[in-house]
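Summary of the model geometry
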Amino acid sequence: MTKNLVIVESPAKAKTIEGFLGNDFLVKSSYGHVMDLNKTQLGVDIENGFEPQYEVSPDKKKLIAELKKLAKDAEMVWLASDEDREGEAISFHLFKALGLKEAHTKRIVFHEITKTAITRAIENPRDIDYHLVWAQQARRVLDRLVGYELSPLLWKKVKPSLSAGRVQSVAVRLIVEREEEIKQFEVSSAFRITAVLNISIDGTQYQVNAELPERFDDRDKALAFLESCKGAAYTIQSVEKKPAKKSPAPPFTTSTLQQEASRKLGYSVANTMRIAQQLYESGKITYMRTDSVNLSDLALHMAKEVVTRQYGAQYVKTRRFATKTKGAQEAHEAIRPTYMEKQSITGSAEEKKLYDLIWKRTLASQMADAELEKTTVSILVSTNNKQLIASGEVILFDGFLKVYFEGTDDENGDESQTILPPLNAGMALMLREMTAQERFTRHPARYTEASLVKKMEELGIGRPSTYAPTISTIQKREYVVKEDRPGVVRQYQVLTLVNDQIKEKTANENTGFEKSKLFPTDIGTLVNRFLCQYFDSIIDYNFTANVEKEFDEIADGRKEWNLMIKEFYGPFHLKIENTLENAGKFSGEKLLGVDPVTGKNVFVKVGRFGPIVQLGDTESEEKPRFASLKKTQSLDTISLAEALDLFSFPRLLGEFEGSEVSVALGRFGPYVKHNNLFFSLLKTDDPVEISIERAIELIENKRNKDEQSLIKEFDAQPELKVLNGRYGPYISFNKKNFKIPKGTDPAGLTLEACMAIVDDPANAPKKKFVRKKK
DNA sequence: CAGTGAGCGAGCTTCCGCTTGACTT
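Residues numbered from 1 in each chain as written. Chains lettered and ligands numbered in written order. Predicted model: local features only at pLDDT ≥ 70, side-chain atom pairs only at ≥ 80, totals over all residues. Heavy atoms only, no water.

**Things to note about the overall build of chain A**
Looking only at helices and strands, one finds 19 helices and 30 strands in chain A. Its C-alpha atoms give chain A principal-axis dimensions of about 90 × 80 × 65 Å. Expressed as a percentage of its 774 residues, the buried residues of chain A come to 45%. At a minimum sequence separation of 6, the contacts of chain A that also span at least 24 residues come to 68%. About 41600 Å² of surface is accessible on chain A, with carbon and sulfur atoms providing 50% of the total. Between the averaged position of the 112 positive side-chain charges in chain A and that of its 110 negative side-chain charges there is a distance of 4 Å. (Helix = DSSP H or I, 4+ residues; strand = E, 2+ residues; numbered from the N terminus. Buried < 20%, exposed > 50% of the residue type's maximum accessible area, 1.4 Å probe, protein only. Contact = heavy atoms within 4.5 Å. Areas by Shrake-Rupley, 256 points an atom, 1.4 Å probe, with all protein chains shown as cover. Lys, Arg positive; Asp, Glu negative; His and termini not counted. Charge placed at Lys NZ, Arg CZ, Asp CG, Glu CD.)

Right, dumping it as structure tokens:
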């Protein structure tokens with residue numbers, strides 16, 4: 001029996017803390033929230049002051065029972081969840097769910113996992129802060145009301161199973177609006193003049209690159225400039241040197257870690273979090289869901305020691321960073337290595353790389369500024385009095401740059417600073433070549449997962465624990481897709497002046513290539529348009545920031561939580577009712593043209609299952625025909641001819657082995673059908689053009705592949721097969737799949753052994769959770 | 001999991017934020 005039960009949020013934290021406290025303390029974890037609103041109903045009592053109907057979450061029932069037993073036996077229960085709104089609610093919910101008594105309960109908080117911090121916390125307990133708990137209730141109830149009233153409205157007006165919410169709908173809006181900006185963007189071009197000059201100083205030949213600050217908006221002006229440089233002398237007019245400084249970036253938060261891992265390692269946001277979780281659980285880094293840039297005294301001390309030892313005292317600079325992020329709650333430290341002296345770790349390759357990034361970033365944040373000298377050289381062109389500028393940069397002291405430099409999202413980052421030779425005013429240079437190259441303006445960059453997180457953080461929308469899930473939600477709902485897009489070839493003009501002769505040529509460049517970028521779908525665009533039209537206040541970029549202010553007022557005891565909700569819900573619910581009654585179907589229907597064969601109208605719109613084309617009017621006596629758009633097509637860009645092509649399916653291609661072969665478009669893309677079996681077309685196959693020969697090839701390829709994945713089959717039971725799948729070997733029987741127990745050799749299985757596995761209820765395929773009727 | 005989209009009606013879908021495993025074909 002233990003005297004003291006301490007409950008924290010994370011099991012990894014529990015393990016560490018238990019080491020700091022003596023035998024009198026048992027440390028357990030709540031695994032996050034333990035109570036929530038029921039998923040299947042609104043869960044808010046609108047009539048009675050918006051009282052939330054919290055209940056123990058289904059997956060926490062067992063845990064609560066276990067904690068209850070331990071709490072009963074303990075003399076004192078210490079609620080040690082995080083010191084923020086959500087953490088306070090967790091403590092309150094534990095208090096309720098475990099049936100605790102005030103006399104035997106204490107609330108404690110700490111920001112770092114060190115022995116001193118924990119001991120100090122134990123010595124300074126407090127009571128549950130109900131103002132904070134109410135602020136959380138307001139947050140929870142608001143999100144539920146928005147999500148559970150808007151979503152069903154979308155089901156009725158747009159398409160079933162859609163969703164809307166305070167966070168996800170704004171994320172989608174950002175992507176849709178960026179795409180619109182890109183569509184509106186008009187590309188223009190201008191000519192940029194660069195020069196390569198030579199100079200000999202003390203017998204050494206140097207090359208200097210210079211640029212004309214001004215640009216010419218057409219070819220003739222650029223040509224005129226080059227003409228005017230013919231026969232010119234190039235003299236240095238001035239050399240200006242300016243000292244400059246660079247400071248390191250603050251230690252990682254969740255959002256900056258996701259951004260850097262994306263830029264430098266190419267990890268998706270979800271991947272970064274998965275790897276960070278592994279590092280955290282094995283005790284290598286501190287907690288990875290944080291909005292704080294703060295480092296503990298212990299960490300500062302460790303970093304100082306490592307910097308001194310590895311690079312010397314002149315590289316040390318202890319810094320404390322302040323959070324600028326909107327709505328940051330700072331319940332944790334920044335993300336850092338647990339032990340700074342561990343420069344590398346054991347683990348998978350991706351764990352090593354992410355750890356290396358965290359180690360370098362943390363160490364660099366505690367290092368001296370880099371000192372630079374920036375040099376600007378003006379070169380006078382004698383014939384036209386214009387000035388070319390050469391700029392260079394010299395690092396006088398590298399400081400933190402020795403370890404780490406933050407990446408950039410700027411896609412135009414091609415102008416690198418160079419080192420210049422020792423130049424002085426009055427020196428003469430020889431022109432080797434002057435170039436006027438046509439350069440194009442670029443549209444705003446599409447969002448990557450990580451740059452979207454950055455933007456959301458700036459707007460104060462979402463939390464470290466939700467960035468990754470939100471991004472996966474909007475992709476799962478098919479509001480946006482993450483894709484690569486090939487670029488197109490574009491021509492540009494180049495004029496060159498060499499030996500007082502001007503040459504002109506046209507060259508090619510690839511432009512518009514996109515890698516892992518977020519694109520809005522037709523459905524995402526349509527839902528966004530719906531919400532903009534009827535609920536502009538909810539998807540306003542400032543909505544979250546404004547309600548956050550009110551949550552803060554509640555937390556400070558300056559406002560009553562249900563009053564705040566009432567003020568919001570009144571007008572909001574009225575809008576829901578109005579829209580429900582007065583708005584028609586919101587399908588984005590558009591008349592594309594007339595079918596020359598039938599003379600019927602061709603429409604495109606979003607239907608129950610996604611984007612479709614419709615042949616014939618809905619009101620006409622004859623039922624219109626429908627066909628789904630291909631995944632690569634969009635309502636916005638599809639042509640009449642492409643739309644009409646979609647009605648040519650299913651189409652008979654010919655015969656193979658005495659049965660018909662046809663091609664059709666299905667839910668999962670185009671496929672070939674033969675003997676009731678389906679064969680998917682490759683992305684490179686065009687279903688309009690596909691030949692019977694190619695279709696047969698697809699059928700035979702699939703047969704080969706199936707044969708390779710077959711490990712074993714039995715004559716006595718043709719329904720049963722041992723197969724090799726994506727997750728290793730498994731048994732397929734009567735179209736159901738069964739996992740093979742670990743340690744069993746799949747090739748050595750007998751039919752009897754297989755049947756035993758199939759009959760063992762432990763191996764039965766999991767059924768989908770069937771919800772009870774209300 | 002594969003040719004769906006009339007209209008009706010039943011029954012379903014849905015939020016954000018805090019945490020980990022269990023599990024997939």
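Next comes the rest of the account.
**Quick word on the packing of helix α8 (residues 254–265) against helix α12 (residues 449–459)**
Closest axis-to-axis distance for the α8/α12 pair is 8 Å, and the angle between their directions is 155°. Looking at the two axes, α8 sits roughly antiparallel to α12. When you trace α8 past α12, the crossing you get is left-handed. Contacts from Ser255, Gln258, Gln259 and Ser262 of α8 reach α12 at Ala450, Val453, Lys454 and Glu457. Counted by class, the contact of α8 with α12 contains 2 nonpolar, 4 polar and 2 charged residues. (Axes fitted to C-alpha atoms, helices over the stretch in contact; angles between N-to-C directions. Parallel < 35°, antiparallel > 145°, perpendicular 65-115°, else oblique. Left-handed = near helix turned anticlockwise from the far one by under 90°. Nonpolar A, V, L, I, M, F, W, Y, C, P; charged D, E, K, R; others polar.)

**Here we look at the sheet that holds strand β21 (residues 610–615)**
The strand order across the open sheet formed by 4 strands is β19-β20-β21-β22, and the pairing between neighbours is antiparallel. The open sheet has two free edges, formed respectively by β19 (590–594) and β22 (625–628), since each of these has just one partner strand. Mean inter-strand twist for the sheet, computed between neighbouring axes without regard to direction, equals 25°. Pairing analysis gives 4 bridges linking β21 to β22, with the strands arranged antiparallel. Directly across from Val613, in β22, lies its bridge partner Ala627. (Pairing = 2+ DSSP bridges.)

**Observations regarding the sheet that holds strand β25 (residues 669–674)**
One open sheet accounts for 4 strands, arranged β23-β24-β25-β26; its pairing is antiparallel. In the strand order of this sheet, the two ends are held by β23 (651–656) and β26 (677–680), each with one partner. Going from strand to strand, the sheet's axes swing by 30° on average, the running direction of each strand aside. With 4 bridges connecting them, β25 and β26 associate as antiparallel partners. Paired with Val672 across the bridge in β26 is Phe679. The strands touched by helix α18 (residues 692–709) within the sheet are β23, β24 (659–666), β25 and β26, with β23 carrying the most contacts at an inclination of about 65°.

**Re the pattern of salt bridges**
A full pass over the atoms with the stated rule returns 49 salt bridges. Ionic pairing is found between Lys374 and Glu393, a salt bridge with its closest N-O pair at 3.9 Å. You can see Lys374 sitting in strand β12 (residues 370–381) and its partner Glu393 sitting in strand β13 (residues 387–397), a full 19 residues away along the chain. On the accessibility criterion, Glu393 (16% relative accessible area) is buried. Taking the shortest distance from any N to any O, the salt bridge between Lys559 and Glu550 comes out at 3.1 Å. In this structure Lys559 comes out as partly exposed when scored by relative accessible area, which is 21%. Judged by its relative accessible area of 22%, Glu550 falls in the partly exposed class. (Salt bridge = Lys/Arg side-chain N within 4 Å of Asp/Glu carboxyl O.)

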